[in-house]
Amino acid sequence: MATPVSVLRLPKGPDSNSRGFDPKSPRFIALCRTSIFTSAASEVDSVELQREQQARSVLRETFLRCLLSMTNKKVQFHMYEKVKVEATFGASDIDVLNFQVSDLHTPIGVQKEALIRSQDVISFTFDV
């Protein structure tokens, strides 16, 4: 019997060989906006920008480590309208817009494989 393998498709970057994003693209500007304006770059703004970037990188790394530790574990998702579902976590796409899960237990039944939109999730819990 063949073992199912989850597929994670990463978007193409600005040049054909990369998986990064062009910092001047409208998508990057909309999703990755900083709270500090860099147009009038002074030394104070530079220090604040460095602090913000450091904080963001720590938070991002912590979140990615959390996603990694959730792999193949039962996760409870708390969603809008007081809906709670449980599933085995598989993967997330690069933008963390969707979660790939298996054996999704919902109030109306069980789905063998599913994608959960992250916008629909308020929080999630799992046992470490």
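Residues numbered from 1 in each chain as written. Predicted model: local features only at pLDDT ≥ 70, side-chain atom pairs only at ≥ 80, totals over all residues. Heavy atoms only, no water.

Novice: Residues and numbers for the pattern of salt bridges, please.
Specialist: Counted according to the given criterion, the structure contains four salt bridges. The residue Glu48 makes a salt bridge to Arg51 at a minimum N-O spacing of 2.7 Å. With Glu48 and Arg51 both in helix α2 (residues 43-70), this residue pair falls three residues apart, about one helical turn. Relative accessible area serves as the criterion here: at 34%, Glu48 is assigned to the partly exposed category. Its relative accessible area of 52% is what places Arg51 among the exposed residues. Between Arg65 and Glu61 there is a salt bridge, and its shortest N-O distance comes to 2.8 Å. Here Arg65 and its partner Glu61 are both found in helix α2, four residues apart, which amounts to about one turn of the helix. Overall, Arg65 belongs to the exposed group, its relative accessible area being 56%. Judged by relative accessible area, Glu61 falls into the partly exposed class, the value being 41%. (Salt bridge = Lys/Arg side-chain N within 4 Å of Asp/Glu carboxyl O. Helix = DSSP H or I, 4+ residues; strand = E, 2+ residues; numbered from the N terminus. Buried < 20%, exposed > 50% of the residue type's maximum accessible area, 1.4 Å probe, protein only.)

Novice: Lay out the sheet that holds strand β3 (residues 98-106) with the relevant residues and their values.
Specialist: Taken together, five strands build an open sheet; the order of strands is β4-β3-β2-β1-β5 and the sheet is antiparallel. Edge strands, defined here as strands with exactly one partner in the open sheet, are β4 (109-117) and β5 (121-126). Here the average twist between neighbouring strands, direction ignored, is 35°. Summarising the sheet, strand β2 (residues 84-92) and β3 pair through five bridges and their orientation is antiparallel. By the bridge assignment for β3, Thr88 is matched with Ser102. (Pairing = 2+ DSSP bridges. Axes fitted to C-alpha atoms, helices over the stretch in contact; angles between N-to-C directions.)

Novice: Tell me what's going on with the packing of aromatic side chains, and back it up with residues and numbers.
Specialist: In the structure shown here, the tally under the stated rule is four aromatic pairs. Geometrically, the ring pair formed by Phe99 and Phe124 is edge-to-face, given 6.2 Å between the ring centres and 75° between the ring planes. Of this pair, Phe99 sits in strand β3 while Phe124 sits in strand β5, and the two are 25 residues apart along the sequence. Through a chain of ring-to-ring contacts, three or more aromatic side chains come together here, namely Phe77, Phe89, Phe99 and Phe124. (Phe/Tyr/Trp six-rings, centres within 6.5 Å; stacked < 30°, edge-to-face > 60°.)

Novice: Now, about the pairing of strand β1 (residues 74-79): what can you tell me, with residues and values included?
Specialist: What you see with β1 is a clean split: Val75, Phe77 and Met79 sit on the buried side and Lys74, Gln76 and His78 on the side with no burial. In the sheet, β1 pairs with β2 via five bridges, with the strands oriented antiparallel. Among the inter-strand pairings, His78 is bridged to a residue of β2, identified as Lys84. In sequence, β1 turns back onto β2 through a hairpin of four residues, with Glu81 there showing a positive phi of about 60°.

Novice: I'd like a description of the side chain of Ser118, backed by residues and values.
Specialist: Relative to the helices and strands, Ser118 resides in the loop between β4 and β5. Residue class for Ser118 comes out buried when judged on its relative accessible area of 18%. Contact partners of Ser118, with chain neighbours within four places excluded, come to Val96, Leu97, Asn98 and Phe99. (Contact = heavy atoms within 4.5 Å.)

Novice: Could you give me a rundown of unusual backbone geometry, with the residues and numbers involved?
Specialist: Phi at Glu81 is positive, roughly 60°, even though this residue is not glycine. Counting through the fold element by element, Glu81 comes out in the loop between β1 and β2. Even without a glycine there, the phi angle at Asp103 is positive, about 50°. As for its position among the elements, Asp103 is in strand β3.

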